[in-house]
Number of protein chains: 2
Amino acid sequence: MSVPVAEGDASVTLVHPLLAERWSPRSFDPEHVLSEAELASLVEAARWAPSARNRQPWRFLAGQRGSEAFRKIFASLMDANQLWAGRSSLLVVAVAAERDAEGQSLTGSGYDTGLAVAQLSVQAHALGLHAHQMGGFHADRIREAFAIPEGHIPVSVTAVGQVAPAELLPQPLRDRELASRERRPREETFFSTTWGQPLLLPVQT
Amino acid sequence: MSVPVAEGDASVTLVHPLLAERWSPRSFDPEHVLSEAELASLVEAARWAPSARNRQPWRFLAGQRGSEAFRKIFASLMDANQLWAGRSSLLVVAVAAERDAEGQSLTGSGYDTGLAVAQLSVQAHALGLHAHQMGGFHADRIREAFAIPEGHIPVSVTAVGQVAPAELLPQPLRDRELASRERRPREETFFSTTWGQPLLLPVQT
C-alpha cells in the first residue's frame with residue numbers, strides 16, 4: 001500500500017517501515033476477518049506497553065465485526081466516523097483510569113494509554129493491517145453501553161482492518177483518503193537549549 | 001540483549017520483536033554517542049505520530065550527553081533517576097499543550113503525546129538502542145530552565161542509549177535491572193460485551 005506522504009518530504013524515510021508506512025485509512029475491506037492469533041497479538045502488544053511505575057492505567061473494550069461489542073462501539077461513533085468505521089474488522093475502545101491508586105490525575109493515565117494504543121497500532125502494521133484512531137465518539141454512550149464504572153474515561157476508539165482500494169469509498173471520503181500526510185516542521189517541534197530554539201539536525205536527504 | 005519477561009509468560013512472543021524486546025533499562029553505556037542520522041530518525045519517528053485531527057499537541061526538548069540541554073534535563077530528574085540516567089546518550093522531554101486551539105483539555109493532548117513518544121521508543125529499538133521513559137522529574141525546574149510558556153506541560157522524560165551489562169550498575173539498581181517484566185493478566189485488561197467480561201482469545205502457547 002502506498003503511503004501518501006507530502007510530496008518532497010523525504011523525512012519519513014528515515015524511520016522504520018512499521019512507522020513510516022503507518023497512516024489512518026478509512027477504506028477498510030468489509031470482508032476481512034482477523035484470525036484469533038492476530039487478535040491475540042494486538043492485545044498483547046497493548047498489554048506489554050510501558051507505563052509510569054508499571055501501573056497500567058488502561059483497560060480496553062474490543063469486538064470483531066459482527067459481535068455485540070462491535071455494534072455497541074459502532075453505535076457510539078460520531079456520524080462522520082460511522083460513514084466508514086463499520087467496514088473495519090475490529091473496534092477497540094481505550095479507557096484510561098481517571099486517577100491512579102495514589103490519586104494522581106488523568107494526565108499521566110491518558111499519556112500511558114496512548115503508549116499502549118501506539119503499540120497496538122504498530123502491531124497492526126506488523127500484521128499487514130492498519131489502525132485508525134478516533135476521538136470522534138460519544139463517551140457517554142460508550143460508558144452506558146458497557147457499564148464503565150466511575151473513575152474511568154473512554155479516550156479513543158481504534159478501528160483495525162485490512163486496507164481496501166480508496167476507489168471503493170464514496171466522495172468526499174475518497175479525496176480525503178488520498179490526501180498527503182503532513183506534519184508541522186521538525187524545527188518547530190524539537191527544541192534544544194531553550195524553548196523555540198531548534199534542535200540541530202543534519203539536512204534532510 | 002535478553003528480555004527479562006516473567007518466566008512461563010510466553011504471551012510477549014506473540015508480538016513483533018520491536019515491541020517484544022522493548023524494556024526500560026537503567027544500564028546505559030556512558031561511552032555511546034548517537035550519530036546524527038540516528039538522532040534524526042528518532043525525531044522523525046515522533047513527529048510522524050498520529051494525533052486527533054492532526055493537531056500534533058506535542059513539543060520536545062532534547063539534548064545529547066555533554067550538551068547544555070542534557071545537563072538541564074538531567075538536573076530536573078528526581079534523585080532515583082539521576083542514579084543512572086546520566087549514562088544515557090540522549091534525554092528528551094515531552095511537552096503536551098494544556099489545551100488545544102479549541103480549548104479542549106489535556107486529556108487528549110497527553111494521550112497524543114504518549115503516541116509520539118511510543119513511536120520514538122519503537123524507533124530507538126529499530127536502531128538497536130533502548131528507551132526508558134520517566135515520570136520522576138521536577139516539572140517546575142524544567143519549565144524554568146527551558147522557559148516553557150504557559151499552557152504547556154512537561155509530561156515525561158525519556159532516556160535513550162545503548163544497553164550495557166547490568167553488572168556495571170551498583171546495587172540495588174542491578175537487581176532491579178534483572179527483574180522480570182510483569183503485566184496484569186489480559187483477562188483483566190481486555191473486555192468485550194461489557195466491562196469486566198474478558199475478551200475471548202485463544203489459549204496461550
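What this report covers is the structure whose coordinates are included nearby. (Residues numbered from 1 in each chain as written. Chains lettered and ligands numbered in written order. Predicted model: local features only at pLDDT ≥ 70, side-chain atom pairs only at ≥ 80, totals over all residues. Heavy atoms only, no water.)

Here's the deal with the pattern of salt bridges
All names here are of chain B.
So, point 1. One pass over the full model with this rule turns up 6 salt bridges over all chains.
So, point 2. Residues Glu 44 and Arg 47 are paired through a salt bridge, measuring 3.0 Å at the closest nitrogen-oxygen approach. Of the two residues, Glu 44 and Arg 47 are both situated in helix α2 (residues 36-47); the distance of 3 residues between them amounts to about one turn of the helix.
So, point 3. According to the relative accessible area criterion, Glu 44 is buried, its value standing at 0%.
So, point 4. Arg 47 sits in the buried class, given a relative accessible area of 2%.
So, point 5. Among the salt bridges present, the one from Arg 55 reaches Asp 112, with a minimum N-O distance of 3.6 Å. In this pair, Arg 55 sits in the loop between α2 and β1 (58-64) while Asp 112 sits in helix α5 (residues 106-126), placing the two residues 57 residues apart along the sequence. (Salt bridge = Lys/Arg side-chain N within 4 Å of Asp/Glu carboxyl O. Helix = DSSP H or I, 4+ residues; strand = E, 2+ residues; numbered from the N terminus. Buried < 20%, exposed > 50% of the residue type's maximum accessible area, 1.4 Å probe, protein only.)

Quick look at the interface of chain A and chain B
Often, the extent of an interface is quoted as the loss of accessible area on bringing the components together.
So, point 1. The partner chain B presents 78 residues to the 78 residues of chain A that form the contact.
So, point 2. Note on chain A versus chain B: buried area summed over both sides is about 6900 Å², and carbon and sulfur give 65% of it.
So, point 3. Considering only the surface of chain A that becomes buried against chain B, Trp48(A), Tyr111(A) and Trp195(A) emerge as the three largest contributors, covering 14% of it.
So, point 4. Summed over the shared surface of chain A and chain B, the number is 2 salt bridges.
So, point 5. Glu44(A) is paired through a salt bridge with Arg186(B); the nearest N and O atoms lie 2.7 Å apart.
So, point 6. Remark: the boundary between chain A and chain B carries 42 residue pairs in polar contact (both at pLDDT 80 or more). (Contact = heavy atoms within 4.5 Å. Buried area = accessible area lost by both parts, 1.4 Å probe. Polar contact = N/O pair within 3.5 Å; in protein donor to acceptor, adjacent residues only side chain to side chain.)

Quick word on helix α3 (residues 68-76) of chain A
Residues and elements named next belong to chain A.
So, point 1. Turning to α3, its buried residues number three or more, namely Ala 69, Phe 70, Lys 72, Ile 73 and Ser 76. Projection of α3 onto a plane perpendicular to its axis shows the buried side chains occupying an angular sector of 165°, all on one side.
So, point 2. At its buried positions, α3 is contacted by β1 (58-64), α4 (79-82), β2 (90-97), α6 (139-146) and β4 (152-161). (Arc of directions from axis to C-beta.)

So, helix α5 (residues 106-126) of chain A
Residues and elements named next belong to chain A.
So, point 1. Spanning 21 residues, α5 covers 30 Å between terminal C-alpha atoms, matching the ideal 30 Å at 1.5 Å per step.
So, point 2. Summarising burial for α5: 18 of the 21 residues are buried, a large majority.
So, point 3. Positive phi appears at Gly 128, one or two residues downstream of α5, with a value of about 80°. (Expected span 1.5 Å × (residues − 1).)

Points about the relation of the copies chain A and chain B
Put simply, the second copy of the chain is the first one after a rotation about an axis and a shift along it.
So, point 1. The transformation that overlays chain A on chain B combines an axial shift of 0.0 Å with a rotation of 180°, and the residual RMSD is 0.0 Å. When the rotation and shift are considered jointly, the pair of chain copies conforms to a two-fold rotation axis.
So, point 2. By residue overlap, the copies meet face to face through one surface: 100% of the interface positions of chain A are interface positions in chain B. (Least-squares fit on C-alpha atoms with pLDDT ≥ 70 in both.)

That's the geometry; what it means functionally is another story.
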